Amino acid sequence: MRGKLKDKEYFDEFIKTYSDLVDNNLNKLQDNSIKEDRIHNVQHFTVGLISNIIFAKYSRGDEMFNKDVLEYIKKAMSLINESWKTNHLNIMSIKKGNQIEFLNQYTLSGYLRLINMASLSILLNVSYDHFKLLISYIDKDNVQDSLLEFLINYYDKERPILDNESYRETFDINNRYGRLKDIIVESDKVKASKELKCFLEKEWYNSFKGTPLYNQHKKSHSIYHGYWCFVAAAIVKVKDLDDTSFRGNQYYPKDLV
């Protein structure tokens, strides 16, 4: 057990329930039994279910470098790519007068989902053939974000350097995860490690305040799967940082590094 807020029985039941939902959705998608106007939404929802299963498996203490987890990530990558459509559910929109304007930026939940999938791919050595589906998804949205680009660059070294992010409106992502964006460009590895330790201790869990992710373990419904900061582990791997000072942090997935 790695997760300390729930017992093994909880995670056993959580994984079984969510796995059954994933199988049911995949069967319906394969059988073409879902109405055409709902297909993208079901694909999007299924990616979320898969992400939760992977979190829960890590929390339960599962061995993560195995075929089952890898297949889940590959399936999620495929579904992410297949679920794309113009102005999809992950795209942020704002209302201006009577008009809805869609922006080149992701909602918080959409952003975290992509960050997690990209980070897990790096940590679990997913092939470029599958990761490029995620790159295609982001590029079609024309979203330019420095943290996403940092993770993409691990696979695509020839990708042009990002000059500017695509955010035109006040964007909460940079308020919540600005320290991570400073860490990835920090050349001093000792300083970068200290900053990452500070982020894990003071900012990661607090970044969930005001969202459904905060205090999930206290909810009556079985929605808690773990508060793991996979992106911190990915940053450690990519930048080859010393994680000695925060390996015991409750949100740091040390067994993936």
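Conventions we followed
Residues numbered from 1 in each chain as written. Predicted model: local features only at pLDDT ≥ 70, side-chain atom pairs only at ≥ 80, totals over all residues. Heavy atoms only, no water. Helix = DSSP H or I, 4+ residues; strand = E, 2+ residues; numbered from the N terminus. Expected span 1.5 Å × (residues − 1). Buried < 20%, exposed > 50% of the residue type's maximum accessible area, 1.4 Å probe, protein only. Contact = heavy atoms within 4.5 Å. Phe/Tyr/Trp six-rings, centres within 6.5 Å; stacked < 30°, edge-to-face > 60°. Salt bridge = Lys/Arg side-chain N within 4 Å of Asp/Glu carboxyl O.

A. Region of interest: helix H1 (residues 8-30). The first and last C-alpha atoms of H1 sit 32 Å apart over 23 residues, in line with the 33 Å expected at 1.5 Å per residue. All buried positions along H1 are accounted for by Tyr10, Phe11, Phe14, Ile15, Tyr18, Ser19, Val22, Asn25 and Leu29. Looking at the buried residues of H1, the elements they touch are helix H2 (39-60) and helix H3 (67-82). Asparagine 32 sits one or two residues past H1 and shows a positive phi near 55 degrees.

B. Spatial organisation of the packing of aromatic side chains. As enumerated under the stated definition, the model contains 22 aromatic pairs in all. With centroids separated by 6.5 Å and ring planes inclined at 20 degrees, the aromatic side chains of tyrosine 111 and tyrosine 177 adopt a geometry described as stacked. Pair noted here: tyrosine 111 is in helix H4 (residues 108-123) and tyrosine 177 is in helix H7 (residues 172-183), with a separation of 66 residues, a long-range link. On the numbers, 5.8 Å between centres and 10 degrees between planes, the contact of tyrosine 205 with tyrosine 251 is stacked. Within this pair, whereas tyrosine 205 is found in the loop between helix H8 (189-202) and helix H9 (230-239), its partner tyrosine 251 is found in the segment after H9, the two being separated by 46 residues in sequence. Take tyrosine 205: its relative accessible area is 12%, and that puts it in the buried class. Relative accessible area serves as the criterion here: at 13%, tyrosine 251 is assigned to the buried category.

C. Representation of the pattern of salt bridges. Overall, the coordinates contain 20 salt bridges when judged by the stated rule. The salt bridge partner of aspartate 240 is lysine 189, with a shortest N-O separation of 3.8 Å. Taken together, the residues span a long stretch of sequence, with aspartate 240 in the segment after H9 and lysine 189 in helix H8 at a distance of 51 residues. The partly exposed category is assigned to lysine 189, whose relative accessible area is 42%.

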